[in-house]
Every structure is written in C-alpha cells, then in structure tokens.
Amino acid sequence: MAAWEAVIGLEVHAQLLSRTKAFCHVENVFGVSENTRVGPVSGGLPGALPVLNGKAVELAVRAGLALGCRINRRSLFARKNYFYPDLPKGYQISQFDQPLCSGGEITIEAEGASAPKRVRLERIHMEEDAGKSTHFAQSTLVNLNRSGVPLVEIVSMPDMRTPQEASAYLRKLHAILLYAEVCDGNLEEGNFRCDANVSVRPLGESKLGTRTELKNINSFKFIEKAIEYEIARQVALIEGGGKVAQETRGWDSAAGKTYSMRSKEEAHDYRYFPDPDLPPLLLEAEYIERIRKEMPELPESKRARFVANYALSEYDAQVLTSDKALAAYFEACVQAGAHAKQAANWIQSELLRELKKMEVADIRQSPVSAEQLAKLINLIEDGTISGKIAKEVFQEMYATRQDPEPIIKERGLVQVSDSAAIEQWVDEVIAEHPGPVADYRAGKQQALGYLVGQVMKLCQGKAKPALVSEILRKKL
Amino acid sequence: MADASQLLNGSFEDLRRALDNGTVSSETLTREALRRGKAGNADLNAYISFTDELALGQAREADERLKTKGPHAPLLGVPIGVKDMILCQGYRATAASRMLENFVAPYDATVVKGLKLAGAPIVGKLNLDEFAMGSSNENSAMGPVRNPWDLSRVPGGSSGGSAAAVAARAVPVALGTDTGGSIRQPAALTGITGIKPTYGRVSRYGVVAFASSLDQVGPMGVDALACAAALEAIAGHDAHDATSSTRPHPKFYQETLAFRDAHKLKGLRVGVPKNYFGAGLNGEVEAAVRAALATLEQAGARLVDIELPLNDYALPVYYLIATSEASSNLARYDGIHYGYRSQHPCRDLHELYARSRAEGFGEEVRLRILTGTYALSSGYYDAYFRKAAQVRALIKQDYEKAFAQCDLIAGPTAPSTAFKLGEKSSDPLTMYLSDVYTLATNLAGLPGLSLNCAFDANKLPIGLQLQAPWWEETRLLGAAAIFQKLRPDTLAPPPFAQKGGG
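This report concerns the structure included in the present document.

Reading guide: rules and limits
- Residues numbered from 1 in each chain as written.
- Chains lettered and ligands numbered in written order.
- Predicted model: local features only at pLDDT ≥ 70, side-chain atom pairs only at ≥ 80, totals over all residues.
- Heavy atoms only, no water.
- Helix = DSSP H or I, 4+ residues; strand = E, 2+ residues; numbered from the N terminus.
- Rg over C-alpha atoms; globule rule 2.2 N^0.38 Å.
- Buried < 20%, exposed > 50% of the residue type's maximum accessible area, 1.4 Å probe, protein only.
- Areas by Shrake-Rupley, 256 points an atom, 1.4 Å probe, with all protein chains shown as cover.
- Lys, Arg positive; Asp, Glu negative; His and termini not counted.
- Charge placed at Lys NZ, Arg CZ, Asp CG, Glu CD.
- Contact = heavy atoms within 4.5 Å.
- Buried area = accessible area lost by both parts, 1.4 Å probe.
- Salt bridge = Lys/Arg side-chain N within 4 Å of Asp/Glu carboxyl O.
- Polar contact = N/O pair within 3.5 Å; in protein donor to acceptor, adjacent residues only side chain to side chain.
- Nonpolar A, V, L, I, M, F, W, Y, C, P; charged D, E, K, R; others polar.
- Pairing = 2+ DSSP bridges.
- Axes fitted to C-alpha atoms, helices over the stretch in contact; angles between N-to-C directions.
- Patch = residues over 30% accessible without salt bridge, like charges linked within 9 Å, V, L, I, M, F, W, Y side chains within 5 Å.
- Core = buried A, V, L, I, M, F, W, Y, C linked by side-chain atoms within 4.5 Å.
- Parallel < 35°, antiparallel > 145°, perpendicular 65-115°, else oblique.
- Left-handed = near helix turned anticlockwise from the far one by under 90°.
- Expected span 1.5 Å × (residues − 1).

## Some details on the overall build of chain A
Then step 1. Looking only at helices and strands, chain A features 15 helices and 17 strands.
Then step 2. Here chain A has a C-alpha radius of gyration of 30 Å; the compact-globule value for 476 residues is 23 Å, and the former is much larger.
Then step 3. The principal-axis extent of the C-alpha atoms belonging to chain A is close to 95 × 60 × 50 Å.
Then step 4. With 476 residues in all, chain A has 52% of them scored as buried.
Then step 5. Accessible area of chain A: about 22500 Å², with a carbon and sulfur share of 50%.
Then step 6. Between the centroid of the 60 positive side chains of chain A and the centroid of its 64 negative side chains there is a distance of 1 Å.

This is the structure:
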C-alpha cells in the first residue's frame, strides 16, 4: 500500500463591512426583504455604470496588510464573463492578472501538530458578489440583494496537507479578518465562504494530482469532514485503478459524503478583459501607510499585551484572544474594576461553560455583561459573599440577566462574618457531632474539615469559611 | 409674434434671440416641433416615440424662466429630440431593438438630467440602428429611417433618426451617440452639424452601452451654435461615470460665439492627411472637401500636409475592440430580469437564453456579439483583442505626432454621399467602410465634428470633418461657426423641411 499525501488549497470569499455596495450607493445589508436593495448598477440595468467604493478598497487593503501581503500600488479590474440568472450583468467585476495584493501568509497551529506551520497566500483580490438563487422543483427564485456586495477573494497556496491544517487555517483567517474589522465572518449568513481544492499524490511525488473543488460548505467542522472524506475517496479511487475527475463537488452532511456538482472540464472560458468602465486603481504609499497605522490590534499583539499588562499566563492570553469579542469582554471586565486573573478564571470556567451550551458560543450573546461579572468578582474580593456562593449567584445572573446585588439581597446570601452568629452555628454543630469533635481533640486534623462542612451546611453556606474554621478551632 | 415654423427652419442664433426677446414661446415652438415630428414620421420614421406630456410640461416651465430677463442657459426653451438609447425616466428606451421594445426607463440618464436642468423640452425618442450598430439606420427593429433629402436614401447611422429629425427641421437639435462615427457620418449624409466630444467630456450613465471605451453622447444640430448650446447642457463630470473627466468645461455657446467673432481661425494650422484622399473616396466628395479647405484658408487658416499612417488599421482595430466590449455589454440582455424573453417552451436555462437572444437581437447585433466573443476567447485573446489594444495606442500616438504640426485635422467625413436603402446592407464589410474616416477619432478619444460643406449633383449633402486635440471642442465648434458664416448656403434645409416637414 503506497503512502499518500494530500494537497489542499483554500479560496475564501469574505464580504467586506462597507455600508454600501462595491460599485454603487445601494445599502450593503443582510436579511432584508428580497430585491429591496438593488439599483440600476447592482441590478444590471441598461445604461448603468460601476463606480468604485473607496471604503471597500480601504477594507481590502487592511485585509492585505493584516495577512502580510504586498499591496500592489497599481491593480486592474477585469470582467469575468458568464451567464447565470443571479449575475444580472452577465459578467462579474473582479480582478484578474493585476490583483490588489500578492503573497502573504498565515501561521497556524493545527490540532495534533507538534509545531506551528506557515501557510503561504498566493493573492487577494477585490470583486463583487452575485445575487442568490433558491432552487425549487419547477422554478428558481433570484434575490439580487447580494448582487454587487464587495468581496475579497483570498487564495492560499496549496500548502496544507491535512484536513486539520485546513480547518486551523480557516479559523485563523476568520479571526484575523474579524480582528481587522474587515468582515463579520458570519458563515450562516454567507459572508465568509470557503472553497477547497483537494488532490492526492504518492508521498515523495512532486507533481500535483488532479484536483477537485469542494464548494458551498458553510461550517469549519463540515469543511474538515468533507476534505477528509474527499481525500479518502480519491485515494480509494486511484488505488482501485480509477482516475480522479477534475470537477466541482458539494458536501452532503446528512450522508457524510461529497457529491459531483458539475464537471470542471465544461468550465467556462471567462474571457477576462480589463473593465473599460473602471480606471486602474492607483494607491499612494501614504495611503497604504495610513491604513497600516490605523489597523485595529491584531491577535498576536493583543496576546503579547495581555501577558505583559495583565500578568496573564500564555495559555490564558491565548484563550482570551482567540476571539475578538471575548478579548473585548475580558478587557471591559477589568476596566469595570475586576482583578485580571479573577476575570480570566471566571470567563474561562463559568462563563464559557455556559456559553458552550448555546448553538453557537457567542460571547456577544452573553446574558451576563462584563460589568456585571466585574461586580460579582468584587463582591467576592470584599468578602460580601464566598466564592462558592458566588457560583450560585452567577447561575442566577445568567438565567435572569440581573445584577448580583439584588440576587444576593433577595436570597439572603450575604456572607455572614458576624462572630456571634457563627458561634451559634458552631455550638450547634459541636453539640450534634460529638464523635468528630472527639476525633479532632484526639489529634485527627481531618475531622475539622468535616465539622467546617457541617457548619457550612447548617448555615447554607452563608458563613465566611475562614471565620468558621477559626472559631471552631478556638472552641475545640 | 414670430412664425415658429420659420424659426425652426432658420439659424440657432435667431431662434435663441426670439426666445430671449419673447417673440416666440417655448410652448409654441415645442408644439410645432411635435406637430412636425408626427407629420413627417410616416415618411421619415425618425421617431420611435413622442414624449408630449414631458415636453409640454417642460415648455411651460421654460416659458416661466424666460420671463426673467437673461442671461439664460443657451438651450432654455429649445425643443430637442433624444436618441432612443438614452434613458428618459418613465418613457420607453428601446435601443431600436425587440430586446427592449417594452422597456420603460426607471431613471434618467445624466445627460437627460442636464437637458431638464437647462430647460430644453424633450420632444421624443429618436430611431437608430439597433444598439447603435450600423451606418445607415437600416438595422432598426422599428423600421429604417429615411433621408429627408431623398426618401429613397439612408440618413446614415447609427444616429439616423436624430439626423433626419434635425435635417427635416422637426427639432433644431437632437442628442445622438458616436462610437465609430455614429453622430458625424449621419450628420454628413443629412447636411447638418454634429459633434462627438472628447471621450470623458460627457457622462455615459443612463446611456445603453455599446462599446464602453468608445461611446460618447453628442449633439446634432442645424448649425454649430445649436451644437454648442446642447454640449454646454450635457458636458461635465458625473460621479456616476468613473470614465467622465473632472476637467472643467467652458461655456461652449459663449466661447463659440467669441471664437467666431474674433476670427480665431486666423493663423491656425489645418492638417490634411494625405492618405484620406485615396481610392474609395468619391470624386465629388473630394472636390467639395478641397473647396471647403480653400474656404478655411480664406478665413485665415494655413493648410499643412500631415500623415496619419496607421489610419488603415483603424477599421480592424475598431471592429475587434468595439465588438469585444459589446459582447460583454450586451450579455445583460438575457431575458431574465427585464426585456424580451422568448415565449417558446424551453427545456432548460441554456435554451431560454439562446432563444431569447436569438429572437430579441437583430442580425447585425448577433454578428457583432459573436465576433467579439471570439476575439476575447481563450487562445484568441492575445492575437485579437490584446493586439488591437496595442495598435490602438499606436494610433493615438499618430495623432499626438500630427497635432504637434497642426491645430485641426480636416478631411471628408464619409467616403460618399447618402446611398440608397438596401445598397450596402448585403455585405457588412462594405457598410463598415462608411466609417473609415471617423473610427480613429473614437479610438484616440479625440473630439470630432462634421458640418455640411456642399451638395453633389443629386443635391445630396457632403460633409467636412474636423478633428481637434483632446478637450478642444470650442476650436471645432468655432471653426465650424466661422465656415458657416462664410458659407450660409451650406445651412439650407431640404425641400422636405421647407414644406413644413410633411
């Protein structure tokens, strides 16, 4: 049995966060009524002409800088010609042989990998999105709201070798784009779409095998599964004497298989030529520098800053910066007065545990705000409640969205530090547990723990544990 | 009160004066324009539709504005026709094609906005060769247009309807479009004045695109001043057109008057390309053009021999670039969102596209789309499209060298006078040769103008073409105005117009 190597390249289409479309003033917004965000230009009407959206260029340049690309001072728009109902002009405005960005790279840490790996990018170019077709048995409906939305297409080199590397690449790319505030990265809404080019070859072979293109897979998990399946399918096919057909394949998540969509051999000749309606895009060096300076903080530098400024461990910093919103939550919590290490612990343990129960763990949906969490943490710090009680309070906060104070008040959870009250409980426990009392007096230290536990049970955890221990010791 | 009919048969200057003096109202003129247009349409077929309601509303507004003493926009109150490739909100814009037969424009072209701002009542939408592809206006799905000088002959194309309407004096001015000569050649064949501005001078937004890097909207009028007035109303940067220039434009009307009255032709060098006068040029046309050159000398210009050695390549270069761009620009006419969709039951999407486009487009349009698709296709792109683009740059350089030696270039507009309907339509190549003097102007993006310089033995008009360096429209219009002052006989309307337009 020969050993095989998989070769994977990824193409990502990410929608840019501009207020309006790539080539006209129509609003760039998702989820509104069909065909209400279309105009002469995005609708391909007679006489319409494209005018480049400056904000889209800025965002595309920012993406290129965040990914370590060379920003080309001169780039051209080209027409990609083909017929399809959701492409109203019969061509898509894209970039062909003179794209906006060249090169670039992403460093990934794949699951199970021993060391980080650098994945090179080939290019990034700007283009417009097409509308959306929804197919039914006897008809197709076309919604042009998406037609003309600005995209960047990010093309990697075929540097990945495993589905895990592919998944890691996508997650990292996704995080960087969100950090750079270039894209919303919402896979369900279709504003971050990925196509995978997959081929296999005998290990040691330098020539590339025939590749297939996997399209329309809208989750990181499914992409990993689809690539895994496809690699196995291709290997089995070749080992069985067959040949891999160059084609486009989709992913059937129910069946867990890829399936053929259309043959790439019938692939269009797109007849690319420079779009005569748009002048060459010329960028000044100062313009690019300004965008570089105004770049939002990216994950690597944020991680370093968290370690330095908040004295967090590398691990904690890594977790907290893996998601931009999570990092923002953490910082807001500290801003509101919480101790950094405490905040880090509470977020990673209690909060994330609850969030993971959601369909999609999104800290932006957290019922407990950063400020509320900070209040809770401070209530522990100043002794108002115990750590144990705080966990209960947190559960209630999460369920009801309330601040900690009303919950504590209502349930009477204020930690009791009144010695007199504690003495009463201690006396009661001592009276009821003569055995352990005797054991402790006889030298068994563990019995104290048991007795402290009994006191806590009696007072429903309200007593300050340290005080209970102290008073017990005194009385025994 | 002045006679509207007489005014329409006269000079633009007189018409402007009458409006400014209040001796004629815009409403009167506009009604007469509508009447003439409709009365003449059975013979000429110049108009595809009339826009009465719009025109009369605008005319009344214009009359209000005219009440306040001047200075008025030079086009204020002047009725105008618009080529049916230019979108006028609420009215059909057919591009003379079955494909857009029932397409109602949902927005105004920027040039139409300009006309409305200037206060020029828009009287109707004028016939053309389908999608501006043609040189005789025989390619219209709405029927051919006829030349008011001789109804058995073509008016030229593609702006044949615009030319015929102005020649017949149904309107003193109309908008056309010019991609390879479609304003200038019909102007020559119908004895009127027409100017294609510098590429980028006028917005293309709202104008059905034929070839994006070549198309320009321009005025066609009874004389140079009519054209100057209209150019002023439509020129200027448009935020909706990324190819429109931010260069400020002069008040063309005032500047043209100033050029004429200051005799600015004196000392100007007029370049005469040797290879314009070869075989294929009709003898009478040559003689008339040479006589016109003598008139320019009379006005103080100096004739200079120049070379435009690559002019022979203009035709193949044009037909590769224009058809390539057109094949892409016309892809949107797919029968899906608007326009013609075949009623024939279709098995699949591909068949729907094929039938809708085969039925919706005329033969010349289909021919050009196929040619352009071929020129852009994989394996041929380098040999055809890219090569043509490279030669285009060389043609532009030819002009740069020529304009180092002269200030204007002069020659015939068309190789012959108006030919008979059906005479050239069997062989596309013969038809394409009608544009041999005008194509290079578009390739270089230069401004070009045609004016009437004489009549042949059959009393058919002969056109003189002037080309100027980039942005020098005033020089063209001024030179034409000077010529027309010296030779008012060239401004005589055809008998068709003199009997009140039918």
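## Brief notes about the interface of chain A and chain B
Then step 1. Residue-level contacts link 30 residues of chain A with 38 residues of chain B.
Then step 2. Each partner contributes to the roughly 2700 Å² buried at the junction of chain A and chain B, and carbon and sulfur atoms together form 61% of this total.
Then step 3. The three residues of chain A that bury the most area against chain B are Pro46, Leu49 and Phe83 of chain A, which together make up 24% of that side's buried surface.
Then step 4. Across the contact surface, chain A and chain B share one salt bridge.
Then step 5. Here Asp277 of chain A and Arg204 of chain B are joined by a salt bridge, their closest N and O atoms 2.9 Å apart.
Then step 6. Linking chain A with chain B are 17 residue pairs in polar contact (both at pLDDT 80 or more), by the criterion used here.
Then step 7. Counting only elements with at least two residues in the side of chain A that touches chain B, the list comes to strand 4 (78-81) and strand 16 (273-274) of chain A.
Then step 8. Counted by class, the side of chain A that touches chain B contains 20 nonpolar, five polar and five charged residues.

## Looking at the sheet that holds strand 6 (residues 216-221) of chain B
Residue and element names in this part refer to chain B.
Then step 1. Ordered by their spatial adjacency, eleven strands build an open sheet running 1-3-2-4-6-5-10-11-9-7-8, and the pairing between neighbours is mixed. Looking along the sheet, the strands with just one partner apiece sit at the ends: strand 1 (47-50) and strand 8 (302-306). The mean angle between the axes of side-by-side strands here comes to 30°, regardless of whether they run parallel or antiparallel.
Then step 2. Note: strand 7 (residues 269-273) against strand 9 (residues 408-412), two bridges, orientation parallel.

## Thoughts on the pairing of strand 4 of chain A
Residues and elements named next belong to chain A.
Then step 1. Burial of strand 4 is two-sided: the residues Ala78 and Lys80 facing one way and the residues Arg79 and Asn81 facing the other way are all buried.
Then step 2. Pairing of strand 4 with strand 5 (residues 91-94) involves four bridges; the strand directions are antiparallel. Looking across to strand 5, one finds that Arg79 is bridged to Ile93.
Then step 3. Strand direction decides the pairing type here: strand 4 and strand 16, joined by two bridges, are antiparallel. Across the sheet, the residue bridging to Arg79 is Phe273, located in strand 16.

## Structural notes on the pattern of salt bridges
Then step 1. Summed over the entire model, instances satisfying the criterion amount to 59 salt bridges over all chains.
Then step 2. The shortest N-O distance in the salt bridge between Lys341 of chain A and Asp316 of chain A comes to 2.7 Å. Separated by 25 residues along the polypeptide, Lys341 of chain A in helix 8 (residues 340-355) and Asp316 of chain A in helix 6 (residues 314-321) bring together distant segments of the chain.
Then step 3. Using a relative accessible area of 34% as the deciding quantity, one classes Lys341 of chain A as partly exposed.
Then step 4. Taking relative accessible area as the criterion, Asp316 of chain A reaches 6% and is therefore assigned buried.
Then step 5. Glu392 of chain A serves as the salt-bridge partner of Arg411 of chain A, at 3.0 Å between the closest nitrogen and oxygen. With a gap of 19 residues between them, Arg411 of chain A in helix 11 (residues 404-411) and Glu392 of chain A in helix 10 (residues 387-400) connect regions that are remote in the sequence.
Then step 6. The class for Arg411 of chain A is partly exposed, based on a relative accessible area of 35%.
Then step 7. One network of salt bridges, with partners in common, ties together Arg79, Asp275 and Asp277 of chain A together with Arg204 of chain B.

## Focus on the side chain of Ser140 of chain B
Residue and element names in this part refer to chain B.
Then step 1. With respect to the helices and strands, Ser140 occurs in the loop between strand 3 (122-126) and helix 6 (160-167).
Then step 2. Residue classification places Ser140 among the buried residues on the basis of a relative accessible area of 10%.
Then step 3. A distance of 2.8 Å separates polar atoms of two side chains, one belonging to Ser140 and the other to Asn127.
Then step 4. Each residue touching Ser140, except ones within four places of it in the same chain, is listed here: Ala96, Asn127, Leu128, Asp129 and Glu130.

## Considerations on the sheet that holds strand 5 of chain A
Then step 1. In spatial order, the strands read 5-4-16 (chain A); together these three strands make up an open sheet with antiparallel pairing. One side of each edge strand has no neighbouring strand; the edge strands of this open sheet are strand 5 and strand 16 of chain A.
Then step 2. In the packing of helix 11 (residues 314-329) of chain B onto the sheet, contacts are made with strand 4, strand 5 and strand 16 of chain A, and the angle to strand 4 of chain A comes to roughly 60°.

## Some details on a nonpolar patch on the surface
Residues and elements named next belong to chain B.
Then step 1. There is a patch of nonpolar side chains on the surface, built from Tyr374, Tyr380 and Tyr384 and spanning about 290 Å² of accessible area.
Then step 2. Within the element layout of this structure, Tyr384 appears in helix 14 (residues 382-402).
Then step 3. When its relative accessible area of 32% is taken as the criterion, Tyr384 is described as partly exposed.

## A closer look at the side chain of Glu232 of chain B
All names here are of chain B.
Then step 1. On the secondary structure map, Glu232 appears in helix 8 (residues 224-234).
Then step 2. With no salt bridge to any partner, buried Glu232 finds its closest opposite charge in Lys251, at an N-O distance of 4.8 Å.
Then step 3. Reaching out from Glu232, the side chain makes a polar contact with the backbone nitrogen of Tyr253 at a distance of 2.8 Å.
Then step 4. For Glu232, the residues in contact, after removing those within four places along its chain, are Pro74, His249, Lys251, Phe252, Tyr253 and Gln254.

## A short note on the environment of Leu283 of chain A
Residues and elements named next belong to chain A.
Then step 1. Checked against the element boundaries, Leu283 lands in the loop between strand 17 (281-282) and helix 4 (285-293).
Then step 2. Judged by its relative accessible area of 7%, Leu283 falls in the buried class.
Then step 3. In contact with Leu283, not counting residues within four places along its chain, are Val57, Val61, Ile71, Asn72, Arg73, Leu100 and Ile288.

## Topic: the nonpolar core
Then step 1. Judged by nonpolar contacts, the single largest core of 273 residues is most densely connected at Tyr169 and Phe330 of chain A together with Leu75 and Phe131 of chain B.
Then step 2. Per-element accounting of this core gives the leading share, ten residues, to helix 8 of chain B.
Then step 3. Those residues in contact with Tyr169 of chain A that sit more than four places away from it in its chain are Leu10, Ile106, Ile108, Val119, Leu121, Ile154, Ser156 and Met160 of chain A.
Then step 4. Ranked by size, the runner-up nonpolar core spans 21 residues in total, among them Ala447, Leu448, Cys459 and Ala463 of chain A.

## With respect to the packing of helix 7 (residues 324-335) of chain A against helix 9 (residues 370-381) of chain A
Residues and elements named next belong to chain A.
Then step 1. Between helix 7 and helix 9, the shortest axis-to-axis distance is 8 Å and the interhelical angle comes to 50°. Looking at the two axes, helix 7 sits oblique to helix 9. The handedness of the crossing between helix 7 and helix 9 comes out as right-handed. Contacts between helix 7 and helix 9 involve Tyr329, Ala332 and Cys333 on the former and, on the latter, Ala370, Glu371, Leu373, Ala374 and Ile377.
Then step 2. By residue class, the composition of the contact of helix 7 with helix 9 is seven nonpolar, no polar and one charged.

## Regarding the pairing of strand 5 (residues 193-196) of chain B
All names here are of chain B.
Then step 1. Neither face of strand 5 is exposed, since Thr193 and Ile195 on one face and Gly194 and Lys196 on the opposite face are all buried.
Then step 2. Pairing of strand 5 with strand 6, which is carried by two bridges, proceeds in the antiparallel orientation. Looking across to strand 6, one finds that Gly194 is bridged to Met220.
Then step 3. Note that strand 5 and strand 10 (residues 448-455) share three bridges and pair antiparallel. Each bridged residue has a counterpart across the sheet, and for Ile195 the counterpart in strand 10 is Leu449.

## Topic: helix 10 of chain A
Residue and element names in this part refer to chain A.
Then step 1. For helix 10, built from 14 residues, the straight-helix expectation of 20 Å at 1.5 Å per residue is met to within 8% by its first-to-last C-alpha distance of 20 Å.
Then step 2. Within helix 10 the residues assigned to the buried category are Ile389, Ala390, Val393, Phe394, Met397 and Tyr398.
Then step 3. At its buried positions, helix 10 is contacted by helix 8, helix 9 and helix 11.
Then step 4. Note on helix 10: the residue one or two positions beyond its end, Arg401, has a positive phi of about 65°.

## With respect to unusual backbone geometry
Among all residues except glycine, the phi angle is most often negative; among peptide bonds, the trans geometry is most common.
Then step 1. At the junction of Gly157 of chain B and Ser158 of chain B, the peptide bond is cis and its omega measures out at 10° in the coordinates.
Then step 2. Here Ser158 of chain B lies in the loop between strand 3 and helix 6.
Then step 3. For Asn216 of chain A, which is not a glycine, the phi torsion comes out positive at approximately 60°.
Then step 4. Its location among the elements puts Asn216 of chain A in strand 13 (residues 212-217).
Then step 5. Of note, the phi angle at Lys459 of chain B is positive, near 65°, even though the residue is not glycine.
Then step 6. Take Lys459 of chain B: it is sitting in the loop between strand 10 and strand 11 (461-467).
Then step 7. By relative accessible area, Lys459 of chain B is classed as exposed at 62%.

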